[in-house]
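Here is how the chains run, residue by residue.
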Amino acid sequence: MNFSMMTVSFPIDEETYNEIKALCEESRIGDGVYYQTVLNLPVARDYTALGFFVLVYDDEAEKLVGVASAIDLMGLNTYEWSMLVAPMYRQIGIGGALLNVLRDGLEARGAEGELALAVQGETFGRAYLESRNYSYSFSEATLEAKAEEIRLRENLIMRPFQVMDTESLVAIFSEAFGDLREESLELIQFNSTTEGLQLWVADMDGKVVGTVTSRKEGDSQWVTALAVHPNMEGQGIGTALLNWVKHIAFQGGEKMVMLEVEIENERALSLYKRAGFLKSMQIDYFVYGGR
């Protein structure tokens, strides 16, 4: 076999996008993993996204057989990366070649930090990364629930964020997440102005008591930044916010509602379970210990 390798920066063209998508679909059939999300493919054509792919082709078959993805999600020069090799091409050294070129790409971009992602239970996982001097850091579970039309609570109004809600959300994020004021303002600015994101607030008796941000991605709505004011906990507001996203997903024709949560966050996991969310995948994160 003859292989060739190339690096392409975001945004990628439609042909490359479709090649990576096809590889993800081929691997999903065998592995049962939705690799498009793991590889950040949905944002790879976004001109504002900072990242790159390393691609490996089987020249004789004229087929993409391996890919590594690295993305700077927060613009802080810290990259999250993951890799995928087609099932029929594993165990022949493609993963090691991808990793070497990817690390060269990180170095060329002056990356100040990195997190390696591995799907729990997959061949490319803990043992491989630890052999490359990576150490386990934490894990996140992806949970999903079906979109459905839900009768909303009469005493709770769900509405889009307005500028007048800013101070209320700052207080909620400060209490719920321990964020500094500047961090809360940055989160509000990002979630209320970024294309594809919709920041919602829950209003009870004229007072903002909770918030959630939704993001459409393919045939799913993703939940982020869910928070309830601590003084209003235990009143079903968190469940109502999740049901609201299920509702707007149903209205928009999406099939699923997805979210990510750290597996150590037992309180949040309990809330999501009560709201009908089930675990579909777990991603383990690793930090690099140096050459």
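Everything here concerns the structure above.
Residues numbered from 1 in each chain as written. Predicted model: local features only at pLDDT ≥ 70, side-chain atom pairs only at ≥ 80, totals over all residues. Heavy atoms only, no water.

Observations concerning the overall build of the chain
Piece 1. Within the chain, the secondary structure is distributed over eight helices and 12 strands.
Piece 2. Its C-alpha atoms give the chain a radius of gyration of 20 Å, within 12% of the compact-globule value 19 Å for 291 residues.
Piece 3. The contacts in the chain between residues at least 6 apart in sequence include a share of 70% that link residues at least 24 apart.
Piece 4. Once the 24 positive and 44 negative side-chain charges of the chain are each reduced to a mean point, those two points are 6 Å apart. (Helix = DSSP H or I, 4+ residues; strand = E, 2+ residues; numbered from the N terminus. Rg over C-alpha atoms; globule rule 2.2 N^0.38 Å. Contact = heavy atoms within 4.5 Å. Lys, Arg positive; Asp, Glu negative; His and termini not counted. Charge placed at Lys NZ, Arg CZ, Asp CG, Glu CD.)

Section: the nonpolar core
Piece 1. Ile12, Ile20, Phe53 and Trp81 are the most contacted members of the largest nonpolar core, which has 50 residues in total.
Piece 2. With sequence-adjacent residues up to four places away left out, Phe53 is seen in contact with Met6, Thr7, Val8, Phe10, Ile12, Ile20, Leu39, Leu41, Ala44, Val67, Ala68 and Ser69.
Piece 3. Within the second largest apolar cluster, 31 residues are counted, among which are Ala147, Trp200, Leu226 and Phe277. (Core = buried A, V, L, I, M, F, W, Y, C linked by side-chain atoms within 4.5 Å. Buried < 20%, exposed > 50% of the residue type's maximum accessible area, 1.4 Å probe, protein only.)

What to know about the sheet that holds strand β10 (residues 220–228)
Across a sheet, paired strands are connected by hydrogen bonds in the backbone, their directions being either parallel or antiparallel.
Piece 1. Reading across the sheet, the 12 strands line up as β1-β2-β3-β4-β5-β12-β6-β11-β10-β9-β8-β7 and stay open at both edges, with mixed pairing between neighbours. Each edge of the sheet is formed by a strand with only one pairing partner; in this case those strands are β1 (3–9) and β7 (157–160). In this sheet, neighbouring strand axes are inclined to one another by 25° on average, regardless of whether the strands run parallel or antiparallel.
Piece 2. Inspection of the sheet shows β7 paired to strand β8 (residues 197–204) by four bridges, in the antiparallel sense. Among the inter-strand pairings, Arg159 is bridged to a residue of β8, identified as Val201.
Piece 3. Across the sheet, helix α6 (residues 181–193) is in contact with β8, β9 (207–217) and β10; its angle to β8 comes to roughly 115°.
Piece 4. The strands touched by helix α7 (residues 237–252) within the sheet are β6 (134–146), β7, β8, β9, β10 and β11 (256–262), with β10 carrying the most contacts at an inclination of about 160°. (Pairing = 2+ DSSP bridges. Axes fitted to C-alpha atoms, helices over the stretch in contact; angles between N-to-C directions.)

A short note on the environment of Ala44
Piece 1. Counting through the fold element by element, Ala44 comes out in the loop between α2 (35–38) and β2 (51–58).
Piece 2. The exposure class assigned to Ala44 is buried, which follows from its relative accessible area of 0%.
Piece 3. For Ala44 and Tyr17, which are 27 residues apart along the polypeptide, the C-alpha to C-alpha distance reads 7.7 Å.
Piece 4. Sequence-distant contacts of Ala44, defined by excluding residues within four places in its chain, comprise Phe10, Pro11, Ile12 and Phe53.

Considerations on the pairing of β9
Piece 1. Among the 11 residues that make up β9, eight are buried, leaving the element largely enclosed by the rest of the structure.
Piece 2. Judged from the eight bridges that link them, β8 and β9 form a sheet pairing that is antiparallel. Looking at β9, one finds that Gln198 is bridged to Ser214.
Piece 3. The hairpin turn running from β8 into β9, its antiparallel successor, is two residues long, and Asp205 in that turn takes a positive phi close to 55°.
Piece 4. With seven bridges joining them, β9 and β10 adopt antiparallel strand pairing. Each residue of the ladder has a partner; that of Thr213, found in β10, is Thr224.
Piece 5. With antiparallel pairing between neighbouring strands as the criterion, β9 and β10 make up a hairpin whose turn holds two residues, including Gly218 at a positive phi of roughly 65°.

Digging into α7
Piece 1. Compared with an ideal rise of 1.5 Å per residue, which puts 16 residues at 22 Å, α7 spans 22 Å between its outermost C-alpha atoms and is within 8% of the ideal.
Piece 2. Of all 16 residues that make up α7, 12 are buried, and the element is covered over most of its length.
Piece 3. Of all the residues in α7, the buried ones are Ile237, Gly238, Ala240, Leu241, Leu242, Asn243, Trp244, Val245, Lys246, His247, Ile248 and Ala249.
Piece 4. In the segment just after α7, Gly253 is the residue with positive phi, at about 85°. (Expected span 1.5 Å × (residues − 1).)

Some remarks on α6
Piece 1. An ideal rise of 1.5 Å per residue puts 18 Å on 13 residues; α6 measures up with 18 Å between its terminal C-alpha atoms.
Piece 2. When α6 is considered as a whole, its buried residues turn out to be Ser184, Ile188 and Asn191. Down the axis, α6 shows its buried residues gathered within 75° of arc, on one side only. Opposite the packed face of α6, turned more than 90 degrees from it, sit the exposed residues Glu182, Glu186 and Thr193. (Arc of directions from axis to C-beta.)

Quick notes on the pattern of salt bridges
Piece 1. Throughout the structure, instances matching the rule amount to 12 salt bridges.
Piece 2. As a salt-bridge pair, Glu148 and Lys246 come within 3.7 Å of each other at their nearest N and O atoms. One end of the pair, Glu148, is in the loop between β6 and β7; the other, Lys246, is in helix α7, with 98 residues separating them in the sequence.
Piece 3. Classification of Lys246 as buried rests on a relative accessible area of 4%. (Salt bridge = Lys/Arg side-chain N within 4 Å of Asp/Glu carboxyl O.)

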